[in-house]
Structures are given as structure tokens and as C-alpha cells.
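Residue-level structure breakdown
Chain by chain, the residues:
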Amino acid sequence: MSTSFAAAVLTNSVLSGTSLLYATLGELVGERAGIVNLGLEGIMLIGASAGFAAAAVTDDPYLGVLAAGIAGTAANLLFGYVVIVRRANQLAAGLTLMFFGLGASALIGRPFVGAIVPGLPGLGMSVLGIESLGEFDLLVWLAAPVAVLLWCLIFRTSWGLGLRATGEDPTVAFASGRSPEVLRFQALALGGFLGAIGGAHLSLALALTWDEGMTAGRGFIAIALVIFARWNPLWAVPAALVFGGAEALQLQLQARGTAVSPFLMTMIPYLLTLLILVFWGWNRRSAAPASLGRSFYGVE
Amino acid sequence: MPPGTMRSRTMRFSTMRLRLLIPVSLLLLAALPPAGQMASAQTTLTVGAIYVGSVNDYGYNRAMKDGLEAMKAAIPGTKLLQAENVPETAESERVMEGMIQQGAKLIFATSFGHQQFAFNLAQKHPDVFFEHAGGWMQAPNFGNFFGATQAAWYPMGVAAGKMTKSNTLGFVAGVPIGYVIGNINAFALGARSVNPKAEVRVVVTGGWSDKAKEAAAANALIDQGADVVTMHVDSPATVIQTAERRGVYSIGFQSIAARQLAPKFWVTGLGFTWGPFMTATAKSVIAGAFKPGMVREGLGEMITVAPFGPAVPAATRALVTAAADKVEKGYNPFTGPVTDNTGVVRIKEGESWGGDKMGSFDWYVEGVIGKPK
């Protein structure tokens, strides 16, 4: 039942890339409003544990995903209060959120370690016409459409215009009759929802277990992916695929029995992150929202 | 607030408490065991245990907890103090110190990285006894223990070799240290003893507990044709559940409780059974005869073969049981000639590897596909 190597790599790139894509989109929408959230890893963890816990209690993985989104939104709004209302430094507050998420997710997930939950079921269609490959669940199918939807929201709606204005120069958004604070809160609520769903995909579709710290740095990779995607939701799709692909490729190469050191292969995704930041990083100046990381102090 | 109000409030509170206390104590009295059982209900020994993860992991920590529960059941009056998710840092020293303050006289430090911290406390508290899992340090009140897993993997290989149709076996490994490579090697030797065409594919995840990657690793092995997968990571839960979902056989490791996760495609597995050792150690502490040692025991002692899954035919069960018996009686799969997967003879005719050598593998036996480093 050995399937074609390329098909296997592609399928697993999509599977590994899905949680990264949701997380990247979650970070991206916040950054478009001018807020850097280094706590994404914590948001993902909260999503992974809250989603797993809810799925264990209700026996329904979809309710788990919903619960994850709500928990992520709540945590991100808390972050919003700190950086928007209290105007705390975003980088410091973000790192604090990361540790908060680490602890809170451990607390939420603790009673559910070892619980057996129904995972997100594969949805009917076999991938690439190959029966033996794992089937994609709802979150996988929805990932790219969500990216397109988010692109429309940011670039084709009045709300998106206000959001981008807030990210570039909040005073302009303010002058046009919008509230930068409200827009930023809205962006963070949406971002928290998406980021947490990224975490829930790990616990509810891939691992089928909850484990403390199970996101293993994927939240930080997603922050790097926002730069790679040039703050554009459409670009986030190939970005997440490339990184999901790096992990899938190295594991498939090992499974195939390729005579390359496993130590070298486990490095591939991180090496790729570094390389892309080196060769792509210069775009930061041209594409990054101009007010990224700055608090809005109102207009005189 | 004037002091008067405060006092009256406290008084009101204490009378309320008193009123509550009377029926509660009556209830307690009724619940007390009859006088004859009173003596056995006294604490004979307080035992402390620290775990690096959660005891509900279907893996390493679960096996440790099961061992301690067996000890508690075997010695009436044992009190068990437990702490989960204790990191391998100075934090563990504080947790164990707290247990000693609560009267613990015997402490099981169950993760490798707890060793130095437990040892520090052993120096500080010569009247408290320590057992550490997997280390090497020794003191009059400090011993260590672990399962000699390598040879035990041989019958697992026999099971996999008989169950496979594709002749491809998948092994998810956390970190390819010598002991893990030894496990993989014995697994491959066992498989090829019954099925010379069988080959073992190894995927290294790079950590002991990265669940999403373990799922992807298991998927990769299955995509590349493996129809029996097994693993050496902290918790077998993810790999076993991934295999079950894909309709592929799995073989467990660490705790035999893992079979609950795969009602259909579970083959068998190895689980640590620490109960008898922990019971004997606790008894020796009660008797005042604790002997520190470097205890390493294999199949039949600290390691047990898990029950078979429903898909395993009777003939295969008999073969696996026979192989396990053979290992229990002292058969060493690492008896020469053993060739590595590049064709070099690593263990010569007439030689055999055991003991400390099990940790020094940096080569895969013939039949394992991949590079160890």
C-alpha cells in the first residue's frame, strides 16, 4: 500500500500546514491593526487544551473547535486590554501572554490528560484520489477558504480599510471617524479565534491527545510566517504549505529510509525559517504596517 | 473597621463552625473502622513519588504510578504522596523536600533528570531513602533501578514480523540514543527471526514528547508502506491512535494500559511493571534493611508483555509467548554474529553484548533502514 512519495509529502504538508495557516492568519489580522502578538504560542496552547477539554466533555470535536475559538478570543481580548487600554509594551505583554497561555492551558487540560476524544473526522473525499492517504478533516478544507475570506475582509471591505489604516497610522483612522481602539479589539478577537483553532487542530485532528506545551514552538514559526506572507492572507497559504511541507518532507524521507542523518533532517524546518528570514526579511520595511507595535495615544 | 465588630464577627463565625462540627464529627466517628482494623490503618511508611509528566499518559509515568499503587496495595498502611509534572530542575528538590517534611521516608524520583536533585537531598537527609529510575549514582541511602528493555523488544519484533503483510515495520523514535537504538535493533532481530523479508523503517522526531510530530511521523511511516508501527517516546498514545485511525497494527511501549487506545489493531506491547521492586524496596525500608543497588531487570521482572489484541492469530500468540519465555530464560538476541546495516560484522561469532553495552549502540542491525546519526 505504499503510495507515491510526492502525493504523500503533499498530503502531509497540508495536514501539518493547516494549524500553521490558522495561526498565521490570526497573527496577521492583529498585525494589520498594528499589534504584534508574541503570545501566539500561548493562544495556540489555550486553543489546544480548551478544544480538547470541550471535546472530551461533550464528545463532539466540533464543539471542541468552537470552545477553542472562544477561549482564544477571551485570552486575546485580555491581551488587548493590556496593550490597547493600558498601552503596555506589546513585545513584553506578548511574551507574558505566552507564559500565561502555557500555564492556563496546563490548568485547563490537566483533568483531561489521557482522555479519549473523538478526533475531527475525515470528510468523505479521499485526497488526490489515493484511498490509503489520511482523509482531510473540516478544518483542513476550510483553511484556504478562510484565508481568501480574510483577504476580502481586509482588502475589499470598509472595515478592512479602517483596520489597515489603524495599522499604518491610527490618527488617520481616527480622523476618518473610526475608533482605532475598537478596531484593534476586533482584530485581536478574530486573531485569537483563529490562532486557537490552529492549536485545536493539533490536539483534535493530529495528536488526539493533550500534552503540556504540545505546540512546540509552532506559534513562533507562525509569527515568522506573517513576515514571509508579507502581511497578505493569500500569501499565508503557500507560506504555511512550505513550512508544513518542510516537516512532512523530512519525516517522509526518514520513513522512506533515506540515508541522511536524522539530526540533519529534523533541522530542515528551522533552517528554512532562518533562510527565509534572511532572504525575505528585507520586505519587512516595505510591507509591514507602519504603526506595528506602537500604542495609540489619541489625537490632540 | 473598629476592633469590636471584628471580634463579634469572629465569634459568630466560630459558633457557626462549632454547630457544624458536632454532626460532622459524629459522622466521622460512625465512619471509623472497628477497633480490630485500627492497627492496620496506621501509617507504616510514607512514600513520596515525583513524576516528570502526567500519570494519565498511558506511558512512562502511568507505569510508574501503577507500580506505586501495587506497592500500596501490597503493604497495608502505606501512605503515598505524589506530585505530577515535576520538572527536571531544582524545583524537583523543593517538591521532594516538602514530601520529607510531610514524613516521607522513601522517595521514588522517577525521571532521569531528577537524579542530581534527589541525590542532594539524600546527602542532606541520611535517614530518608531514595530510589531513582535510570541513573547511576550510589549512596548508602540512594539506589537506582530500571528495566533492561533491549532483549524484551525481541518478542515484539516476532509479533510484528508475523503480523506484517507489506514486510515494512515502522518505528517512531524520540531521540536516537544508544538504548533506543538497542531497542530498535532487538525489534528488527526478532522480526527477521520469523520473517527474513521484514525491514524496519525508523523515523526520529527529535524529542520525547512532540505529539503533533509523532502523529506526522506515524503517518509518514504508514504512507511509506508500514503496516505495523511501534514507538519509543514518552507516551505511546498518539502513535497508537494514529495507527488505529489508519487501520494499521500497533505495538505499545512503556505502559500496557495503552491497549485501551486501539481496540481493533492493537497487537501487543511492553509495559514496565515496577510493582514487585517497589514493594520489596518499601518492605526493606520498613524492616530497616535498605540496600542500595543498581538494579536492572528485564522481561518477567520489571517488564511485562501486554495482552494480545483481537486481531492476533493463535499461532502468532504462541510464537511471541515462546520468544518471550526464551528471553526470560536468558536468551540474548545480541549474540554474534550480528551484522550492521552496512554489512559490517559488529558482534563477532561467539561474542555477545549485554549490560552497559546496551547503551552504546551507534549502529543499526541488518534489516533496519536508515542512519543512526
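Residues numbered from 1 in each chain as written. Chains lettered and ligands numbered in written order. Predicted model: local features only at pLDDT ≥ 70, side-chain atom pairs only at ≥ 80, totals over all residues.

The helix and strand tally for chain B stands at 11 helices and 15 strands. Of all 373 residues assigned to chain B, the portion counted as buried reaches 52%. Within chain B, residue pairs in contact and separated by at least 24 positions form 66% of the contacts whose partners lie at least 6 positions apart. (Helix = DSSP H or I, 4+ residues; strand = E, 2+ residues; numbered from the N terminus. Buried ≥ 20, exposed ≤ 12 C-beta atoms within 10 Å, placed from the backbone. Contact = placed C-beta atoms within 7 Å.)

All right, on to the domain arrangement of chain B then. All names here are of chain B. Each domain of chain B was delimited in the assignment, giving domain 1 (43-147) and domain 2 (150-270 + 303-369). Taking only C-alpha atoms, the centre of domain 1 and the centre of domain 2 are 29 Å apart. In this assembly, nine residues from domain 1 lie in contact with 10 residues from domain 2. Here the side of domain 1 that touches domain 2 gets four residues from one element, more than from any other, and that element is helix H3 (residues 60-74). Partitioning the side of domain 1 that touches domain 2 into residue classes produces three nonpolar, three polar and three charged. (Domains from an automatic or database assignment. Nonpolar A, V, L, I, M, F, W, Y, C, P; charged D, E, K, R; others polar.)

Our next topic: the nonpolar core. Among the nonpolar cores identified, the biggest contains 206 residues, and Leu-225 of chain A together with Val-172 and Ile-184 of chain B are the most heavily contacted of them. With 14 residues, helix H8 (residues 180-207) of chain A is the largest single contributor of residues to this core. Structurally, this core is a two-domain feature, drawing no fewer than three residues from each of domain 1 (43-147) and domain 2 (150-270 + 303-369) of chain B. Setting aside anything within four residues of it in sequence, one finds Val-172 of chain B in contact with Val-203, Thr-205, Glu-214, Ala-217, Ala-218, Leu-221, Val-229, Met-231, Val-233 and Val-239 of chain B. (Core = buried A, V, L, I, M, F, W, Y, C linked by C-beta atoms within 7 Å.)

Residues and elements named next belong to chain B. Pairing is parallel in the open sheet, where six strands are placed in the order E2-E1-E3-E4-E5-E11. Unpaired on one side and paired on the other, strand E2 (78-83) and strand E11 (294-297) mark the two borders of the sheet. On average, adjacent strands in this sheet sit at an angle of 20° to one another, irrespective of strand direction. Where helix H5 (residues 115-124) meets the sheet, its contacts fall on strand E3 (106-109), strand E4 (129-133) and strand E5 (142-147), and the angle it forms with E4 comes to roughly 170°. (Pairing = 2+ DSSP bridges. Axes fitted to C-alpha atoms, helices over the stretch in contact; angles between N-to-C directions.)

Below, the discussion takes up the environment of Ala-70 of chain B. Residues and elements named next belong to chain B. Its location among the elements puts Ala-70 in helix H3. Put simply, Ala-70 and Ala-217 are 147 residues apart on the chain and 34 Å apart in space, counted from C-alpha to C-alpha. Setting aside its immediate chain neighbours within four residues, Ala-70 contacts Gly-275 and Thr-279.

Residues and elements named next belong to chain A. Close contact between helix H9 (residues 218-228) and helix H11 (residues 262-280) brings their axes to 10 Å; oriented N to C, the two are set at 30°. Considering the angle they form, H9 stands roughly parallel to H11. The crossing of H9 and H11 is left-handed. Residue-level contacts link Ile-221, Ala-224, Ile-227 and Phe-228 of H9 to Thr-273, Ile-276, Leu-277 and Trp-280 of H11. Here the contact of H9 with H11 is composed, by residue class, of seven nonpolar, one polar and no charged. (Parallel < 35°, antiparallel > 145°, perpendicular 65-115°, else oblique. Left-handed = near helix turned anticlockwise from the far one by under 90°.)

Turning to the pairing of strand E8 (residues 228-232) of chain B, a few remarks are in order. Residues and elements named next belong to chain B. Most of E8 sits out of view: five of its five residues are buried. Because side chains alternate across E8, one face comprises the buried residues Val-228, Thr-230 and His-232, and the other comprises Val-229 and Met-231, equally buried. Of the crossover connections in this fold, the one passing from E8 over helix H9 (residues 237-246) to the parallel strand E9 (residues 249-254) is right-handed. (Right-handed = clockwise from strand over helix to strand, strands pointing away.)

Turning to the interface of chain B and chain A, a few remarks are in order. In this assembly, 36 residues from chain B lie in contact with 35 residues from chain A. Elements that contribute at least two residues to the side of chain B that touches chain A include exactly strand E7 (199-204), helix H8 (211-223) and H9 of chain B. With nine residues, H8 of chain B is the single largest residue contributor to the side of chain B that touches chain A. Of the residues assigned to the side of chain B that touches chain A, the class counts are 14 nonpolar, 13 polar and nine charged.

Any segment with low pLDDT has predicted coordinates that should not be analysed in fine detail. Residues and elements named next belong to chain B. Across chain B, the average pLDDT comes to 88, with 89% of residues at 70 or higher. Across residues 1-40, where pLDDT falls below 50, the model places five contacts with residues more than four positions away in sequence or in other chains. Both scores are given for the predicted complex: the pTM is 0.86, the ipTM 0.89. (pLDDT = per-residue confidence, 0-100.)

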